[in-house]
Amino acid sequence: MSKQAKLLDGKATAKLVRAEVAGRVAALVERGVRPGLRVVLVGDDPASEVYVRNKDRAATEAGIDVATIKLPATTSQEELLAEIERLNSDEAVHGILVQLPLPKGLAEQVIVNALDPDKDVDGLHPENVAALVQGRSGLVPCTPAGCIEILDRAGVELEGAHVVIVGRSQLVGKPLAQLALARNATVTICHSRTRDLDNMVGSGNVVVAAVGRARLIHGDWIRPGAVVLDVGINRGEDGKLVGDVDFASASEKASAITPVPGGIGPMTIAMLLSNTVLAAARQTGLQDVLDSATITVTS
Ligand code: NAP
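None of the values given here were measured: they were computed from a predicted structure.

**Q** I'd like a rundown of the overall build of the chain, residues and numbers included.
**A** Scanning the chain for helices and strands turns up 11 helices and 11 strands. Its C-alpha radius of gyration of 19 Å places the chain within 12% of the 19 Å reference for a compact globule of 299 residues. Burial analysis of the chain (299 residues in total) assigns 50% to the buried set. Put simply, of all contacts in the chain between residues at least 6 apart along the chain, 71% involve residues at least 24 apart. Accessible surface for the chain amounts to roughly 14,200 Å². Of this, 51% is attributable to carbon and sulfur atoms.

Okay, here's the thing in structure tokens:
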């Protein structure tokens, strides 16, 4: 009988992280600061609306002052930049997240560059990207931060491990490679032009799939005992969510694996809350409060 991989339960882990974040929010509130988050949603992409609703609910539960600013798909670049400027100068707002993708006609990088880097809780501003590459403290993109967090809490050692990341986006693949390197992993990044993808994946002690192609990565590719993180969110033919990894076959080879849904998705939201609280503490000179309020909640 084949062995089944341990499930890396992102939902349960994210719940623990959110409980810890709520503790830090309470400590900041006691010192007169309620962390404020604004999510900017342009247009009416149904998937984005679901993501934003989930972020809003989780932030509210953690005690964060959160609001979604909904703008019509017809919003011009100038109007969006004016909104960002308003949020940049609002002292009650410590974190700003512009939900991507933006409708056609809006230049994402121009908008991201306009964010105050201290409020850029998705870690995409060039200043935060540079901080990550140079090993300085900044704000780290939420999805790769969530990948590292779930590995840490599952006790997966990255030092010396070969981490194979499939996908090289600014949002996931590239920042995750930097985070894994900072943990002394050996990192390979694969993409659409990579030759022998199956062998590349097969050489990973840790495999992270961030592609956006349903079940691209088959269990046969996975090295026995590898840890598999599935970042992908795809809609299957039956309308259900599926990841980039063929979960059934990969579970028979891996030692641990994240499901979709209930894996990296909830972790991403938890890290957004964590970044917002960190940003609030830094902007108000209350970082010491965070240190003393960091109680590790265990299940
Ligand atoms: P993206 O910007 O579209 O990047 C996809 C990457 O996959 C690119 O680097 C692309 O290569 C590579 N790729 C595409 N087809 C490939 C193939 N056949 N073989 C190998 N590599 C291939 O996507 P993203 O924003 O990183 O998102 C990736 C997935 O994660 C999506 O399903 C997205 O919905 C999901 N996601 C989930 C969360 C979460 O919270 N769980 C957060 C963000 C994203 P090239 O660079 O050569 O084009």
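**Q** Account for the site of the ligand, with residues named and values stated.
**A** Taken together, 21 residues surround the ligand, and among them Arg168, Ser169, Ser192, Ile233 and Thr268 come closest. Between Arg168 and the ligand, the recorded distance is 2.7 Å, taken from a side-chain N or O atom to an oxygen atom. Measuring from an oxygen atom of the ligand, one finds a side-chain N or O atom of Thr268 at 2.9 Å. Contact with the protein chains covers 71% of the free accessible surface of the ligand, which is 930 Å². Ranked by residue count, the leading element in the shell around the ligand is helix 10 (residues 264-283), at three residues.

**Q** How would you sum up helix 3 (residues 77-88)? Please name residues and give values.
**A** The periodicity of an α-helix, 3.6 residues per turn, causes residues three or four places apart in sequence to face the same way. Taking 1.5 Å of rise per residue, 12 residues should cover 16 Å, and helix 3 covers 16 Å from first to last C-alpha, within 8% of that figure. Within the sequence span of helix 3, burial applies to Gln77, Leu80, Glu83, Ile84, Leu87 and Asn88. All buried residues of helix 3 lie within an arc of 140° about the axis, which places them on one face of the element.

**Q** Quick one: what's the story with the sheet that holds strand 3 (residues 65-71), residue by residue and with numbers?
**A** Strands sit in the order 3-2-4 across an open sheet of three strands; the sheet is parallel. For this open sheet the edge positions go to strand 3 and strand 4 (95-98), each flanked by a neighbour on one side alone. Strand-to-strand twist of the sheet, defined as the mean angle between neighbouring strand axes without regard to direction, takes the value 15°. In this sheet, strand 4 lies alongside strand 2 (residues 36-42) in parallel orientation, the contact comprising four bridges. Across the sheet, the residue bridging to Val40 is Val98, located in strand 4. Contacts between helix 2 (residues 46-61) and the sheet are confined to strand 2, strand 3 and strand 4, with strand 3 contributing the most and set at about 160° to the helix.

**Q** Go over the nonpolar core, please, and point to the residues and values.
**A** Grouped together as the largest cluster of nonpolar side chains are 58 residues, with contacts concentrated most on Leu28, Leu37, Ile64, Val206, Val208 and Leu229. The dominant element in this core, judged by the number of residues it contributes, is helix 10, at 11 residues. Residue assignment places this core across two domains, with domain 1 (31-116) and domain 2 (141-264) each supplying three or more. Beyond its immediate chain neighbours, meaning those up to four positions away, Ile64 contacts Val25, Pro35, Leu37, Ala59, Leu273, Thr276 and Val277. Of all hydrophobic cores here, the second largest spans 16 residues; its members include Val166, Leu197, Val207 and Ile222.

Parameters and conventions
Residues numbered from 1 in each chain as written. Predicted model: local features only at pLDDT ≥ 70, side-chain atom pairs only at ≥ 80, totals over all residues. Heavy atoms only, no water. Helix = DSSP H or I, 4+ residues; strand = E, 2+ residues; numbered from the N terminus. Rg over C-alpha atoms; globule rule 2.2 N^0.38 Å. Buried < 20%, exposed > 50% of the residue type's maximum accessible area, 1.4 Å probe, protein only. Contact = heavy atoms within 4.5 Å. Areas by Shrake-Rupley, 256 points an atom, 1.4 Å probe, with all protein chains shown as cover. Near = heavy atom within 4 Å. Polar contact = N/O pair within 3.5 Å; in protein donor to acceptor, adjacent residues only side chain to side chain. Expected span 1.5 Å × (residues − 1). Arc of directions from axis to C-beta. Pairing = 2+ DSSP bridges. Axes fitted to C-alpha atoms, helices over the stretch in contact; angles between N-to-C directions. Core = buried A, V, L, I, M, F, W, Y, C linked by side-chain atoms within 4.5 Å. Domains from an automatic or database assignment.

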